[in-house]
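What follows is each chain in one-letter form.
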Amino acid sequence: MTEEISEIKSKPVYDILQYDPKSRSNLLVSEGNGLVGLVDFLNGSESIPPSTINVMCAISNAEPLNPSSYISPDRCNKMRLFDSVNALLEDLPVTLSNSQMGLRLYICGSEIFLWRVANLARAAGMHKSEYSMQLIGSKARRVYCPHCKTTSEEVTTDIHECVGCGLSLVNCDHFSREMGAYLGFRVDAEAHGEIPERKELYR
Amino acid sequence: MSTNFSHTARVIRADQVTPLIKHFSFERVDGKPFSPFSAGSHVVIGMNNGTNTHKNPYSLVGSSNNFMEYEIAVRLDSTGRGGSLFMHNNIELGSEIQIGNPYNLFPVYKPAKKHLMIAGGVGITPFMTYIDEMNLMHSNFELHYSVRDFENGAFAKELQDKYPNQVNLYIQANGVMANFNEILDNQPLGTHVYVCGPQQMVADALRIADEMGWPNSSVHSEEFKAPEPGNPFTVTLAKSDCKINVRSRESLLEALENANIEIPYSCRGGACGFCKTEVIDGEITHRDYFLTDAEKASGNCIMPCISRAQGDHLTLNI
Amino acid sequence: MTNVAFKKPLETYREDFTYANSEKAIKRFPFPYPEDQYMYSVNMEHHVRGETGSIYENTFDVDEHYLSEMEERRIVLEKDPDRFVTLSHMDLHQWDVLELLMESFAQDYPKYFSLTKDGDHWIWENHPLGIKHSFIFGDKSTLPCEPAEYITRQAQGDFVLMDQRDNDLYADTAMITCAADWSVPFDLGMSFMEWHGPVPLAHGMGVFERALKYLLMIRLGQPVRRLNWTLTINSRMDTSPEVYHEWGHERGSITPENVGEKIHLRVEVQTLFRLPRSNGMLFGIRTYLISMEDLCKNPLWAQRMHRVVKSLHPEIMDYKGITRYHKTLQDWLSQFDH
């Protein structure tokens, strides 16, 4: 545990959504501004037969983009809008349980959203080669506290107070895909009370 | 020091279960149990015909009595290099052979939600142990097994009787062919498909899986690739300062072994990487699945179990 | 026939730290540095039987600290049961490790352990811990807890069971109560590269790529081993992130007077076994602790320790948590180097 954190290879690295030409059906999933990523993806992949494309969008209250204005109905088989991320995430396992091999999932949104969706896909049996992620939106982190085993949501600073035990935690780039969270640890464990100023890093 | 440990075993059962397939059971001569093994494992059987040793890999089809016995099924291949012919004609009750430790190049994908097995002919053999394991783990599985005719379908009756809901038999003599498009269609997410059988069948199944959008990570296959014959060539061993001739129908590995030079090996089919040997001189015809493109292009290593000299000579750094 | 003088009363690895090595334990300690400078390497060798009396004499070493360490494990698990975690597809792996440990102990230490098999009906006896248990191999309901947990509660060291798939290894079951600063359950389910994510420098050197390729090919009956090391303050076994908030401050408590007593060299003897029924791998992490004071009774070790500490790469120092007391340690060790 150190004050300076070296480059950590478990930190996820994101790219733009990659179309897999082998796919038989394509499910596009977004939250908020992630819609932009789906639109770019569709504009860049005009050869994909619309009958193979299904879209699920969670509309964010903060920035209410209306997906119907951006994706025309003839560009996909079905588009469904959800008024919250939770509503979308409740429906997704049902949709996946009715899906077949040959499906590819394209996910676009904040980092926390990406991994919540990816983990539902994995629970349904999908392999990482069957889904693609693009980060558009908040880089706020989920941070796991090993001391009290609570996960704090939406952490935007390098140091924060754990919602479970109140200790000041610094989070590092070591990431657990299963948890969709970064590892935190007590920032002043070696010298109690010496808590550096926090910096906002993950917006 | 040789790392190819094996045990001497004797045949305790040798049954001609179909005209082309012989089923053998072995026990160790030292009376100890064999090692437990994972579904899909193979063992290399070494047999001495008086002049040289045949070493062939065979899938384990089962074991009995808490691993006191190992069972294999051997299909007679009259066009092959003689190993199966030797087993059919010369290995019988009481014969002694060498059995290597199990090694697995075709394991079950543990987290799969469903296991879909496609077998052709003697390709059924690894699936016999798969089904044992899936039974134990209460896994969701389905088998599609193509045989020429019911008589020649090793284990066909046994499988159909035991698992009527999961086993689908396709008997070519009755004009019933497995339709891979149908089999691979409508499978739930998290299904893994495993294919084993004749080369063409495996190629067709893999191609169709690919066309139907199955990702490579969900598709697994095993082919029993035997070394293909080629031009004879000579080999110089730089460190041992000797020269060996490799005949047309023997592999480089076999030629070395017949000259009492031991090289580590496992699958003997170009897949596992164990026999990788450094090459100092000579052009290589690579036929393996293990080396990277860069390694093949560099020309400084070879998989002797399956690859050969392109020209008439190789120098190895052993 | 191996005899072990189990230490009694039990030593502690926390609070009053009564742990201490006998002269015999000091002599057989696995000193990890082949050279005066330390850098990462794959450094694997075959795990073959070593000299009588050495830590490599038997497949899994049982030493004088056995009873104390098992009690320490019990304490950790009582406070935090999540130090043992497993994913649902790992049953075969678990039975594999139970079989491997039971058979090894019974074969190597017949005075202390015995295993009787009648088909699937097994009887296991662990005399030092006063355990006698009949169970059915393969039937979880006949054991008081998960098979891997059951047996690793009776074996020194941490254990990770890995599933081999996708040309990779996944840490899908783990018993970790003496972690050198890594977290289970956080790392549960990670691939080989992912759980080595935080290690500096080694990735750029390609160490992990080569190591993974080598591990994927390990065969039944041909286990390998390597050594890893770090430093710990006090004889604390549990230096996990879970309790870092409890022990972290100890790094700031080092003075020139207490170096010998407080700073411990912590060596992990890591063993890797192919598992027969699951085709997975067992990763055993057997931890040995020795105080600087005891280590430096051996003049060659003392001199080398000084040179290793002096030349240690700053990033490695950082990663191993040594930075805060590095200078004090180096100064103290210099007395042994001429």
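Use the structure listed above.
First things first, this report covers the structure right here in the doc. Since this is a predicted model, take the numbers as computed values, not measurements.

Once that is clear, we can look at the interface of chain A and chain C. Contacts between the two partners involve 31 residues from chain A, matched on the other side by 32 residues from chain C. Surface buried jointly by chain A and chain C totals about 2600 Å² across both partners, of which 56% is contributed by carbon and sulfur atoms. R251 of chain C serves as the salt-bridge partner of E190 of chain A, at 2.7 Å between the closest nitrogen and oxygen. Viewed at the interface, chain C and chain A are joined by 13 residue pairs in polar contact (both at pLDDT 80 or more).

Turning our attention to the pairing of strand β10 (residues 181-186) of chain A. All names here are of chain A. Counting buried positions along β10 yields 6 of 6 residues, so the element is predominantly enclosed. Relative to β10, strand β6 (residues 141-144) is paired through 2 bridges, and the arrangement is parallel. Opposite Y144, over in β10, you have L183 as the bridge partner. Two successive antiparallel strands, strand β9 (residues 168-176) and β10, enclose a turn made up of 4 residues, where G180 displays a positive phi of approximately 65 degrees.

Tallying the contact residues gives 27 residues for chain B and 20 residues for chain C. Summed over both partners, the interface of chain B with chain C buries about 2000 Å², with 58% contributed by carbon and sulfur atoms. Applying the counting rule to chain B against chain C returns 0 salt bridges. Where chain B packs against chain C, one counts 6 residue pairs in polar contact (both at pLDDT 80 or more). Of the residues that constitute the side of chain B that touches chain C, the class distribution is 15 nonpolar, 9 polar and 3 charged.

Residues and elements named next belong to chain A. Take S68: it is sitting in helix α2 (residues 67-70). Separated by 11 residues in the primary sequence, S68 and M79 have C-alpha atoms spaced 8.3 Å apart. When near neighbours in sequence (up to four residues on either side) are disregarded, S68 contacts M79 and L81.

Residue and element names in this part refer to chain C. Counting 78 residues, the largest nonpolar core has W229, L231, L265 and M292 as the members making the most contacts within it. A per-element tally of this core places helix α6 (residues 207-216) first, with 6 residues. Excluding residues that lie within four positions of it along the chain, L231 makes contacts with I263, H264, L265, M292, M305, I322, Y325 and L329.

Attention now moves to the side chain of E268 of chain C. Residue and element names in this part refer to chain C. Position of E268 among the secondary structure elements: in strand β9 (residues 263-274). R266 provides the closest opposite charge to the buried, unpaired E268, separated from it by 4.9 Å. Contact partners of E268, with chain neighbours within four places excluded, come to A180, R226, L227, N228, I285, R286 and T287.

In this section: the pattern of salt bridges. Per the counting criterion, the structure on display carries 54 salt bridges over all chains. Across the pair D185 of chain B and R24 of chain A runs a salt bridge whose closest N-O atoms are separated by 2.8 Å. Separated into two different chains, D185 of chain B in the loop between α4 (180-184) and β10 (191-196) and R24 of chain A in the segment before β1 (25-31) make up a pair that spans both. With a relative accessible area of 36%, R24 of chain A lands in the partly exposed category. With its nearest N and O atoms 2.8 Å apart, the salt bridge here joins R28 of chain B to D30 of chain B. Connected via shared salt-bridge partners are K149 of chain A together with D80, D82, R83 and D238 of chain C.

Thresholds applied
Residues numbered from 1 in each chain as written. Chains lettered and ligands numbered in written order. Predicted model: local features only at pLDDT ≥ 70, side-chain atom pairs only at ≥ 80, totals over all residues. Heavy atoms only, no water. Contact = heavy atoms within 4.5 Å. Buried area = accessible area lost by both parts, 1.4 Å probe. Salt bridge = Lys/Arg side-chain N within 4 Å of Asp/Glu carboxyl O. Polar contact = N/O pair within 3.5 Å; in protein donor to acceptor, adjacent residues only side chain to side chain. Buried < 20%, exposed > 50% of the residue type's maximum accessible area, 1.4 Å probe, protein only. Helix = DSSP H or I, 4+ residues; strand = E, 2+ residues; numbered from the N terminus. Pairing = 2+ DSSP bridges. Nonpolar A, V, L, I, M, F, W, Y, C, P; charged D, E, K, R; others polar. Core = buried A, V, L, I, M, F, W, Y, C linked by side-chain atoms within 4.5 Å. Lys, Arg positive; Asp, Glu negative; His and termini not counted.

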